[in-house]
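# Analysis of the macromolecular model
One letter stands for each residue in the lines below.
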Amino acid sequence: MTLRSLKQTIPALGTSDGAGVKIKRSLGQSQAIRMDPFLMLDEFGSDQPQDYIAGFPAHPHRGFETVTYMIEGHMLHEDHLGNRGNLRNGGVQWMTAGRGIVHSEMPQQESGVMRGFQLWLNLPAAEKMKPAGYRDIQPEDIPVFNQPGASVKLIAGEMNVSGVQVSGAVTGGTTEPLYADIHLEPNAQLSLPVAQPLNAMLYLYEGNASLVTGEAQTQLRLSAANLLDDGDEILLAGGPTGARLLLIAGRPIGEPIVQYGPFVMNTREEIEQALRDYQTGRLTAA
């Protein structure tokens, strides 16, 4: 096994999206800052209603998937296909925009903490125009496995841990996405396999943790996309207060990306077609 080391750190920058929701964006803060096949990663979290209450009113997408993971709070998803899903603590919404979807994500609370993440996962050219779809994943349907001093919530992907094959709530797909929420106890260590072909990153969102490579330990930056070098294993060490972090990995697509707001295609002509389709109503036509 070859341990992965830290290659690049991309601090999340404060910004806003939707109707003024305050977020911290690492991947996707510019179109040059991505990790194939992932386009964007947003962290949102506040106990001030004015930071999130306006939500994300109806808007279109084409050409990729969105994965929304709620840690605290309550958000309602509705789309033109008639899907309606309540995203609560620990739940995940996995939406395939495909050829086109119009949806909204609106807070269903007037006070309290709203906290979570949204990840954009690109689709290869051959799948960008497939039918739109939506999956509402309840917390109890997401496997959690325990290791000494740690627990791992496996949202997507598969892992062989101590000789036991563990499958997440979502498996397969061209990009083989791996998405895990890791909780480390103070000073604990955790080893996890991450297959060599996958691009991988760690996003520390609470506490402190280090990446261990041989005799060295590299501190992970809080609220940042910590991109990893090649390898097939990661070794993590929790700090004195423990840590909570995301492991995100996927097989790179290696195709040109042309993005215009909520549309992600391979050529400028395809983006222009997406705009025409949205303006004429063909984006969501059956």
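The name given to the protein chain in an unreviewed UniProt entry is Pirin family protein, and the organism recorded there is Marinobacter alkaliphilus.

## Quick notes on the overall build of the protein chain
In terms of regular secondary structure, the protein chain is built from 1 helix and 24 strands. Taken over C-alpha atoms, the radius of gyration comes to 18 Å for the protein chain, in line with the 19 Å a tight globule of 286 residues would show. Dimensions of the protein chain along its principal axes, counting C-alpha atoms only, are 60 × 45 × 35 Å. Taking all 286 residues of the protein chain together, the buried fraction comes to 51%. Within the protein chain, contacts between residues at least 6 apart in sequence are counted, and of these 72% link residues at least 24 apart. Working note: accessible area of the protein chain is about 12100 Å², and carbon and sulfur atoms make up 48% of it.

## Concerning the environment of Ile-234
Here Ile-234 lies in strand E22 (residues 233-250). By relative accessible area, Ile-234 is classed as buried at 0%. For the pair formed by Ile-234 and Thr-2, sequence separation is 232 residues and the distance between their alpha carbons is 8.4 Å. Discounting chain neighbours no more than four positions away, the residues touching Ile-234 are Leu-3, Arg-4, Leu-190, Ser-191, Leu-192, Val-194, Leu-202, Leu-211, Leu-228 and Leu-247.

## Quick notes on the layout of surface pockets
Within this model, the largest pocket holds a volume of roughly 440 Å³. As for the largest pocket, its lining consists of 25 residues, and the residues nearest its centre are Asp-17, Arg-25, Met-40, Asp-42 and Trp-120. Of all elements in the fold, only strand E3 (21-25), strand E4 (38-46), strand E5 (56-61) and strand E11 (114-122) reach the threshold of two or more residues within the lining of the largest pocket. With 5 residues, the top contributor of residues to the lining of the largest pocket is E5.

## Looking at the pairing of E11
Strand residues, when the strand is regular, have side chains that alternate between the two faces of the sheet. In terms of burial, E11 is largely enclosed, as 9 of its 9 residues are buried. Here E11 shows a buried face lined by Met-114, Gly-116, Gln-118, Trp-120 and Asn-122 and a second buried face lined by Arg-115, Phe-117, Leu-119 and Leu-121. Pairing geometry for E4 and E11, over 8 bridges, is antiparallel. Following the sheet pairing, Gly-45 is matched in E11 by Arg-115. Inspection of the sheet shows strand E6 (residues 64-72) paired to E11 by 8 bridges, in the antiparallel sense. Of the residues in E11, the one forming a bridge with Glu-65 is Leu-121.

## A short note on the side chain of Lys-128
Within the fold, Lys-128 resides in the loop between E11 and strand E12 (133-137). The side chain of Lys-128 is buried and forms no salt bridge, while Glu-255, the nearest opposite charge, is found at 6.2 Å.

## Quick look at empty space enclosed by the protein
Counting across every chain of the model gives 4 cavities of 30 Å³ or more. Counted as a void, the largest cavity has a volume near 60 Å³. Forming the walls of the largest cavity are Val-21, Lys-22, Phe-44, Gly-45, Ser-46, Asp-51, Tyr-52, Phe-56, Met-75, Pro-107 and Met-114. Looking at the lining of the largest cavity residue by residue, the classes come out as 7 nonpolar, 2 polar and 2 charged.

Rules and cut-offs
- Residues numbered from 1 in each chain as written.
- Predicted model: local features only at pLDDT ≥ 70, side-chain atom pairs only at ≥ 80, totals over all residues.
- Heavy atoms only, no water.
- Helix = DSSP H or I, 4+ residues; strand = E, 2+ residues; numbered from the N terminus.
- Rg over C-alpha atoms; globule rule 2.2 N^0.38 Å.
- Buried < 20%, exposed > 50% of the residue type's maximum accessible area, 1.4 Å probe, protein only.
- Contact = heavy atoms within 4.5 Å.
- Areas by Shrake-Rupley, 256 points an atom, 1.4 Å probe, with all protein chains shown as cover.
- 1 Å grid on protein atoms, 1.4 Å probe; cavity = no way out; pocket = protein on both sides within 12 Å on 5 of 7 lines; lining within 4 Å.
- Points joined across faces, edges and corners; volume = space filled by probe spheres on them.
- Pairing = 2+ DSSP bridges.
- Lys, Arg positive; Asp, Glu negative; His and termini not counted.
- Salt bridge = Lys/Arg side-chain N within 4 Å of Asp/Glu carboxyl O.
- Nonpolar A, V, L, I, M, F, W, Y, C, P; charged D, E, K, R; others polar.

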